[in-house]
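Residues per chain, in single letters:
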Amino acid sequence: MHESKKSAHTGIDTDAIREAAKNFDDGAVTAGYQGDRKQVIALLNAALATELVCVLRYKRHYYTASGLQNGPIKAEFLQHALEEQAHADQLAERIVQLNGKPDFNPATLMERSHVEYDEADDIQAMIKANLIAERVAIETYRQMIEQIGETDPTTRHMLVGIMAMEEEHADDMRDLLA
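Model, not experiment: these values are computed from the prediction. (Residues numbered from 1 in each chain as written. Predicted model: local features only at pLDDT ≥ 70, side-chain atom pairs only at ≥ 80, totals over all residues. Heavy atoms only, no water.)

Asker: Sorry, what's going on with the overall build of the chain here?
Answerer: If you tally the helices and strands in the chain, you get six helices and zero strands. Since a compact globule built from 178 residues should have a radius of gyration of about 16 Å, the 20 Å found for the chain marks it as more spread out than a globular shape. In terms of its C-alpha atoms, the chain occupies a principal-axis envelope of roughly 70 × 35 × 20 Å. A total of about 10500 Å² of accessible surface is found on the chain, and carbon and sulfur atoms cover 53% of it. Across the chain, the 18 positively charged side chains and the 31 negatively charged ones have centroids separated by 4 Å. (Helix = DSSP H or I, 4+ residues; strand = E, 2+ residues; numbered from the N terminus. Rg over C-alpha atoms; globule rule 2.2 N^0.38 Å. Areas by Shrake-Rupley, 256 points an atom, 1.4 Å probe, with all protein chains shown as cover. Lys, Arg positive; Asp, Glu negative; His and termini not counted. Charge placed at Lys NZ, Arg CZ, Asp CG, Glu CD.)

Asker: I'm lost on the side chain of E166 in this one. Help?
Answerer: Looking at where E166 falls in the secondary structure, it is placed in helix α6 (residues 153–177). Buried charge without a salt bridge: E166, with R57 as the nearest opposite-charge side chain at an N-O distance of 7.1 Å. Apart from the residues lying within four places of it in its own chain, the contact partners of E166 are E51, E84, H87, E134, A137, I138 and Y141. (Buried < 20%, exposed > 50% of the residue type's maximum accessible area, 1.4 Å probe, protein only. Salt bridge = Lys/Arg side-chain N within 4 Å of Asp/Glu carboxyl O. Contact = heavy atoms within 4.5 Å.)

Asker: I keep staring at the packing of helix α2 (residues 37–64) against α6 and nothing clicks. Help me out?
Answerer: Axis angle and axis distance: for two packed helices, these are the angle between their axes and the distance between the axes, and together they describe the pair. Taken N-terminus to C-terminus, the directions of α2 and α6 make an angle of 25 degrees; their axes are 13 Å apart at the nearest point. Here α6 runs roughly parallel to α2, going by the angle between their axes. Two packed elements cross with a definite hand, and for α2 against α6 that hand is left-handed. Contacts from V40, L44, E51 and Y58 of α2 reach α6 at T155, M158, L159, I162, E166, H169 and M173. For the contact of α2 with α6, the class distribution of residues is seven nonpolar, two polar and two charged. (Axes fitted to C-alpha atoms, helices over the stretch in contact; angles between N-to-C directions. Parallel < 35°, antiparallel > 145°, perpendicular 65-115°, else oblique. Left-handed = near helix turned anticlockwise from the far one by under 90°. Nonpolar A, V, L, I, M, F, W, Y, C, P; charged D, E, K, R; others polar.)

Asker: How do you make sense of the nonpolar core when you look at a structure like this?
Answerer: Note that soluble globular proteins tend to have their nonpolar side chains buried in a common cluster. Counting 41 residues, the largest nonpolar core has L44, F77, L91, Y141 and L159 as the members making the most contacts within it. Only α2, α3 (71–97), α5 (123–148) and α6 provide two or more residues apiece to this core. (Core = buried A, V, L, I, M, F, W, Y, C linked by side-chain atoms within 4.5 Å.)

Asker: Is there a simple way to explain the packing of aromatic side chains in this structure?
Answerer: Any pair of aromatic rings gets described here by the distance separating the centres and the angle formed by the planes. In total, this model carries two aromatic pairs according to the counting rule given. Taking the ring centre of Y58 as reference, the NZ or CZ of R57 above it sits at 5.0 Å. The positively charged end of K74 is found above the aromatic ring belonging to Y62, 5.1 Å away from the centroid. (Phe/Tyr/Trp six-rings, centres within 6.5 Å; stacked < 30°, edge-to-face > 60°. Lys NZ or Arg CZ within 6 Å of the ring centre and 35° of its normal.)

Asker: In this structure, what is going on with the environment of E134? I would like to understand it.
Answerer: Tracing the backbone shows E134 in helix α5. Along the backbone, E134 and H61 are 73 residues apart, and their C-alpha atoms lie at a distance of 15 Å. One polar contact links E134 to H169, side chain to side chain, over a distance of 3.2 Å. (Polar contact = N/O pair within 3.5 Å; in protein donor to acceptor, adjacent residues only side chain to side chain.)

Asker: When you look at α5 in this model, what are you seeing that I'm missing?
Answerer: Because the α-helix completes a turn every 3.6 residues, residues three or four places apart line up on one side. With 26 residues, α5 should cover 38 Å at 1.5 Å per step; its first-to-last C-alpha distance of 37 Å lies within 8% of that length. Its side-chain oxygen at 3.1 Å from the backbone nitrogen of Q124, D122 defines the N-terminal cap of α5. Of the residues flanking the end of α5, it is G149, one or two places downstream, whose phi is positive at about 55 degrees. (Expected span 1.5 Å × (residues − 1).)

Asker: How should I be thinking about a nonpolar patch on the surface in this particular structure?
Answerer: There is a patch of nonpolar side chains on the surface, built from L56, M110 and Y117 and spanning about 280 Å² of accessible area. Position of Y117 relative to the elements: it lies in the loop between α4 (109–112) and α5. (Patch = residues over 30% accessible without salt bridge, like charges linked within 9 Å, V, L, I, M, F, W, Y side chains within 5 Å.)

Asker: Just to check I follow, could you spell out the side chain of E134 for this structure?
Answerer: Despite its burial, E134 pairs with no opposite charge, the nearest such side chain being R57 at 4.7 Å. Dropping the residues within four chain positions of it, E134 is found in contact with Y58, H80, E84, E166, H169 and A170.

Below you can see the structure in the form of C-alpha cells.
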C-alpha cells in the first residue's frame, strides 16, 4: 500500500499533485476526481436537454405573446430564454471538461428533458407552463446536487448557481400570475 507524502506545513499531498501533472490528455479531470464521471455526464446531459427545451419554450412564448399590455411579460420571457441558454452553455462546457460529449440531438431532446414544451396561446397559460417547468427544473437540480454530493465540487457549485437562477425564474413567473 502506497502512502502519500504530505507537506509538513500545509498538509497538501505532494504525490497527488505530481500525479495530477500526468495524463494531461484528461484535461481538467485529475486522478483525485472522486465523482462517477459517466453518471455525472449523464445527469448533465439530461439537464442540458431540459435547458434547451426551456429555451425553446420561452422563445416561443416571447414571439407568440401578443397585446400591448404584455410587453413587459414578453421581455421577461426573452430574458429567461437568454438565461436558460447560458445554463445550457455552462452544462455543455462542464460535460466537455469531464471528457464527455454534450448531447444536442434534437431527435431525442424531448425524451431526455425533464420539462415539457408548451404551445399555449393564452398569456396566463404560458406563464403557468413556465412556472411549472421552473419548479420541475428546481427539483431536478436539487436531486442532482444531492446525488453528486461532495464528490465533484465544481459541478455541484455550478448546479447550485443554476438552481438559484431557476428559483428566481419561478418567483418571476409566480409574480406574473398574481
